[in-house]
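What the coordinates show
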Amino acid sequence: MRRFRGPSLLLRDLKIGEKIQLFAALSLFSFVLLTGIAVLQINAVGREVVLLGGRDIPLIKLAGRVARSHARQEVLLQHAMDAGEGMRNDPAARRSFAAARDEFLELGRLTSQELQTHTSVTLDERGASDDVLGASSSEVDYSLRGVERWYAAYSFLAERIFNLLLLGKQSEAGEVLQSPKGVADRRGLSRALHRFLAEVDQFSKSSAERAERAEGSALLGMLIVSALMVGLSVIYALFLGRSITRPIERLRNVSVELGRGNLAARMTLDSRVTSSEGDGHEPHFRDELTILAHSFNRMAEGLLKTQQELQGSQARLLQAGKLVQASKLAAVGELAGGVAHELNNPLQGVIGNARFIEQDIQKPTALPPELEQLPKYVQRVVQSAERCRDIVQGLLTFSRQSGTDKARLDLTQTVRAALDLVATKVRHQNTELRLELSPDVMCMANSTQVQQVVINLVINAAHALGKGGAITVRTESLSGHAIVRVSDTGPGIPDDVQGRIFEPFFTTKKIGEGTGLGLSVSYGIAVDHGGRLVVESAPGEGTTFVLTLPGADSDTGPGETHQLPGGQVSET
Amino acid sequence: MTLNAKDFCILVVDDDEMARETVSETLSREGFRTLEADDGNTALPIVQAGSVDVVVTDVQMPGMGGVELLAAIGNHDSSIPVVLMSGYSSIGKSGSAGAVAFIRKPSEPGEISAVVRNACGLSTSPPGTGAGDPQSS
């Protein structure tokens, strides 16, 4: 019984190896996906961290340096102003002024340079990562440019003051310094610096927050994807496990069923036939378990068939057992016909002569001359009765004995006893019975069984002849074996029939005339004796059956290989 | 003039000596003249010699059997009555055609002589003998 299912069977049809490969592929895909997502997430977090370290921190440092430079410059400016008072007369003051001015200018140059560098870097970066940094970075840029601008203005103011001081115009320098513009320039720079520091601080704070957020979402995303993948893998593993273990479990259950003797138990084949090469000769399945189930079913089928055959042959054997007995009884019956006739002749002697005696002794005028015949009559009665006894005894011996005990016996005598039972039948169909019996042919055999074989062979020969012809029975000793040959001058046995004549129930006779067991039973008896029964026949040249039995004087037992007469080698 | 048993010559044919002698003795004790032969081949020349009135023959004999002998006698002189005799309870369908009677062996002497007397045209119960009433066995 095959159930055909829908497309859901696609997975079912896969081989186990393919299922496992699919599982591995799925796992690998999950891993790659997970890794990819993780890399992307880490990349995002990393970018934030890079921004934090690569831009924000330098910006903070820059702001610090600018603030420090500015503070130092303020001090230097004051120094220059102080030194400017006595510069005309005091060379030390001149030197002090020059040192302060030089340091101021050097600091200014370095700071401007640094600010310019940072402004251009920030602009570059902004173009590249505008999407990540968003609006807040432009504020930092803006404040940075404010610082730059105010710093330029401050530097310009300082230069003017230094120039005025060099010209000895201290009061004018002080005025410039104290002028609203000068104050505004100095305060503007301070404010710009403060604003810049605040912006940078704010920006770096938001960057850190973003990095934290990115980290959090990356973790969550990875967790979700991992959970999904693990869930999917578990489901597939369960399916895979079930798809493998379920059929095996079913197989086990069905095996147990079979073991209990239910040979009709079969596996249900879930999988579809993928192809049926040679049009339904042998269905082909893709997955191994279905193939296994199919093979299992075939095995169960074979078992069932074997069991049925065994039951059949058991029945036949039982039947054969009965028929073997029946064949013996049939032989007895066949013999009985001849034997009855054989018996009726001496019975005629008994009845007739007994009546003569009765009549003679009842005669009132019975005198010695008249009673002269009496001894002759009595003798005839006794003779006839003895003949009857012998015949009946021979028949009884044959029909009653059923043992298989083997004894040392004179084969020629045994054959003669068997022939006594069939001679009449042979004679009455005008078949000549030629005896070529050698004395002292001793064998180890069961007398009844040997007689049965001889009777079978002679009756078969008589049947083959029908009328007339001759049957020759010959006994002889040959290389440790005792041999009986039964030959007839009949039509012979065709080659194709020769191969089958020892088969049970094989008969060429009409229904009811032969059981088909005579020769097979005879063959069995021969083999049972460690001997052999072979046929030599050619159409038109008669038939000879050769029964070979182990000789009583030889140690030739079954199992040894001896060249036997008839060109056959004994096998048993 | 009435005919007696001694006026008839009976040929008894049987391959079994005991049966043949007993049947022959039965008939001679009735007064018949008897001749014996052990098969058809021996019997036929005797019949052909012309001295035999009735033939009592066994059916199954080696060589020429009773049925063949019956046919052969019919060919020679169909007026000679032939009585068939057998140890078997019956003989073949066509076998007994032409025979005047059938005797089943073993039979009582009285029965045998009655059949033969009948075949000779004599009365079945001759005076002066105690035999003639067959006792069934």
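Residues numbered from 1 in each chain as written. Chains lettered and ligands numbered in written order. Predicted model: local features only at pLDDT ≥ 70, side-chain atom pairs only at ≥ 80, totals over all residues. Heavy atoms only, no water.

Moving on, we come to the overall build of chain B. When helices and strands are tallied, chain B shows four helices and five strands. When the helices and strands of chain B are read in sequence order from the N terminus, they spell out β-α-β-α-β-α-β-β-α. Across the 137 residues in chain B, those meeting the buried criterion constitute 49%. Taking the contacts inside chain B whose residues are at least 6 apart along the sequence as the reference set, 60% of them involve residues at least 24 apart. (Helix = DSSP H or I, 4+ residues; strand = E, 2+ residues; numbered from the N terminus. Buried < 20%, exposed > 50% of the residue type's maximum accessible area, 1.4 Å probe, protein only. Contact = heavy atoms within 4.5 Å.)

Moving on, we get to the side chain of aspartate 16 of chain B. Tracing the sequence through the fold places aspartate 16 of chain B in the loop between β1 (9-13) and α1 (17-29). Non-local contacts of aspartate 16 of chain B, meaning those with residues more than four positions away in its chain, are made with Asn345 and Arg387 of chain A.

A few words on the interface of chain A and chain B. The interface is formed by 26 residues belonging to chain A together with 27 residues belonging to chain B. A buried area of about 2,300 Å², summed over both sides, lies between chain A and chain B, and 48% of it is on carbon and sulfur atoms. Here chain A is connected to chain B by six salt bridges. Put simply, arginine 29 of chain B and aspartate 360 of chain A hold a salt bridge, and the shortest N to O gap is 2.8 Å. (Buried area = accessible area lost by both parts, 1.4 Å probe. Salt bridge = Lys/Arg side-chain N within 4 Å of Asp/Glu carboxyl O.)

If you look at soluble globular proteins, the nonpolar side chains tend to sit buried side by side. Residues and elements named next belong to chain A. Ranked by size, the top nonpolar core spans 43 residues in total, and within it Leu411, Val458, Ile471, Val473, Ile501 and Phe545 carry the most contacts. Of all the secondary structure elements, the ones that give two or more residues to this core are α10 (411-428), β3 (442-445), α11 (447-465), β4 (470-478), β5 (481-488), α13 (518-528), β6 (532-537) and β7 (543-550). It is α11 that contributes the most residues to this core, 10 residues altogether. Dropping the residues within four chain positions of it, valine 473 is found in contact with Val415, Leu419, Leu433, Arg434, Leu435, Glu436, Leu437, Val458, Val484, Arg485 and Val486. The next biggest cluster of nonpolar side chains, apart from the first, holds 35 residues, and it includes Ala63, Met87, Val147 and Leu164. (Core = buried A, V, L, I, M, F, W, Y, C linked by side-chain atoms within 4.5 Å.)

It is worth spelling out helix α2 (residues 40-48) of chain B at this point. All names here are of chain B. Taken together, the buried positions of α2 are occupied by Gly40, Ala43, Leu44 and Val47. Down the axis of α2, the smallest arc covering the buried residues is 105°, so these residues share one side. If you follow the buried residues of α2, they end up packed against β1, β2 (33-37), β3 (54-58) and α3 (66-76). Looking at the residues trailing α2, positive phi occurs at glycine 50, about 95°. (Arc of directions from axis to C-beta.)

Residue and element names in this part refer to chain A. Tallied over the entire structure, the rule returns eight aromatic pairs over all chains. Ring plane angle 40° and centroid distance 5.9 Å describe the contact between tyrosine 236 and phenylalanine 239, whose orientation is recorded as tilted. Of this pair, tyrosine 236 and phenylalanine 239 are both found in helix α7 (residues 180-259), three residues apart, which corresponds to roughly one turn of the helix. The class of tyrosine 236 is buried, set by a relative accessible area of 10%. Measuring from centroid to centroid gives 4.9 Å for phenylalanine 502 and tyrosine 523, while their planes differ by 40°, and the two rings are tilted. Remark: tyrosine 523 occurs in helix α13 and phenylalanine 502 occurs in the loop between α12 (495-498) and α13; sequence separation between them is 21 residues. In this structure an aromatic cluster arises from ring pairing among Phe97, Phe104, Tyr151, Tyr154 and Phe162. (Phe/Tyr/Trp six-rings, centres within 6.5 Å; stacked < 30°, edge-to-face > 60°.)

On to the pattern of salt bridges, then. Residues and elements named next belong to chain A. For the structure shown, the criterion picks out 23 salt bridges over all chains. Arginine 109 serves as the salt-bridge partner of glutamate 106, at 2.8 Å between the closest nitrogen and oxygen. Of the two residues, glutamate 106 and arginine 109 are both situated in helix α3 (residues 91-128); the distance of three residues between them amounts to about one turn of the helix. Accessibility expressed as a relative area gives 36% for glutamate 106, which makes it partly exposed.

A separate point is the pairing of β2 of chain B. Residue and element names in this part refer to chain B. Bridge analysis of β1 against β2 gives five bridges, and the strand direction is parallel. Considered in β2, the bridge of valine 12 is made with glutamate 36. For the handedness criterion, the β-α-β arrangement of β1, α1 and β2 is classed as right-handed. (Pairing = 2+ DSSP bridges. Right-handed = clockwise from strand over helix to strand, strands pointing away.)

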